[in-house]
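Inside the fold
The lines below spell out each chain.
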Amino acid sequence: QVQLVESGGGLVQPGESLRLSCAASGFTFSSYYMNWYRGVPGKERELVATSTPSGAATTYADPVKGRFTISRDNNKSTLYLQMNSLKTEDTAVYYCNAARARPYMNFWGKGTPVTVSS
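Residues numbered from 1 in each chain as written. Predicted model: local features only at pLDDT ≥ 70, side-chain atom pairs only at ≥ 80, totals over all residues. Heavy atoms only, no water.

**Things to note about the overall build of the chain**
- Scanning the chain from terminus to terminus reveals zero helices and eleven strands.
- Reading the helices (α) and strands (β) of the chain from amino to carboxyl end gives β-β-β-β-β-β-β-β-β-β-β.
- Here the chain has a C-alpha radius of gyration of 14 Å; the compact-globule value for 118 residues is 13 Å, and the two agree.
- On the principal axes, the C-alpha backbone points of the chain span a range of 45 × 30 × 25 Å.
- Burial status across the chain gives 40% buried among its 118 residues.
- Of the contacts formed within the chain by residues at least 6 apart in sequence, a portion of 53% connects residues at least 24 apart.
- A total of about 6,400 Å² of accessible surface is found on the chain, and carbon and sulfur atoms cover 48% of it.
- Side-chain charges of the chain comprise 12 positive and 8 negative groups, with the mean position of each set lying 7 Å from the other. (Helix = DSSP H or I, 4+ residues; strand = E, 2+ residues; numbered from the N terminus. Rg over C-alpha atoms; globule rule 2.2 N^0.38 Å. Buried < 20%, exposed > 50% of the residue type's maximum accessible area, 1.4 Å probe, protein only. Contact = heavy atoms within 4.5 Å. Areas by Shrake-Rupley, 256 points an atom, 1.4 Å probe, with all protein chains shown as cover. Lys, Arg positive; Asp, Glu negative; His and termini not counted. Charge placed at Lys NZ, Arg CZ, Asp CG, Glu CD.)

Shown next, in the form of structure tokens:
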């Protein structure tokens, strides 16, 4: 049974940091691209960051470049998102996603909420 379980969200003030984790099980974690998305009501879910299966390459959405860092521990089947210098516009539910092209597979976690407010 595939599971992606996010944790680490919460309420922080602008400028503070949070570290999200995503514990994966039920599939070969090291074979999948891993992504963090975020969503707010009324808007399309946004891709925040991507890690290649080995973790050697990462990409980021423009709004988070230089502030967020995606990383993974393939030995622990865990994905991370270090979020620094948080802004109020980072407020969202953050989702962990695992994806593979051949054969096509796409798994989602249930999300962890992040609220940035003074």
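From this point on, the discussion continues.
**Overview of the state of the cysteines**
- Enumeration according to the criterion identifies one disulfide in this entry.
- There is a disulfide in this structure between Cys22 and Cys96, and the S-S distance comes to 2.1 Å. On the S-S bond that ties Cys22 to Cys96, the torsion sits near -80°, and the link is left-handed. With Cys22 in strand E3 (residues 18-25) and Cys96 in strand E9 (residues 92-100), this residue pair connects regions lying 74 residues apart in the sequence. Here Cys22 and Cys96 have matching classes, each one buried. (Disulfide = S-S within 2.5 Å.)

**Regarding the sheet that holds strand E1 (residues 3-7)**
- Spatial ordering of the open sheet is given by E1-E3-E8-E7, a layout of four strands whose pairing is antiparallel. In this open sheet, the two strands that pair with only one neighbour each are E1 and strand E7 (68-73). If you compare each strand with its neighbour and ignore which way they point, the axes differ by 15° on average. (Pairing = 2+ DSSP bridges. Axes fitted to C-alpha atoms, helices over the stretch in contact; angles between N-to-C directions.)

**Looking at the environment of Tyr104**
- If you trace the backbone, Tyr104 turns up in the loop between E9 and strand E10 (105-108).
- Look at Tyr104 and you get exposed, because its relative accessible area is 60%.

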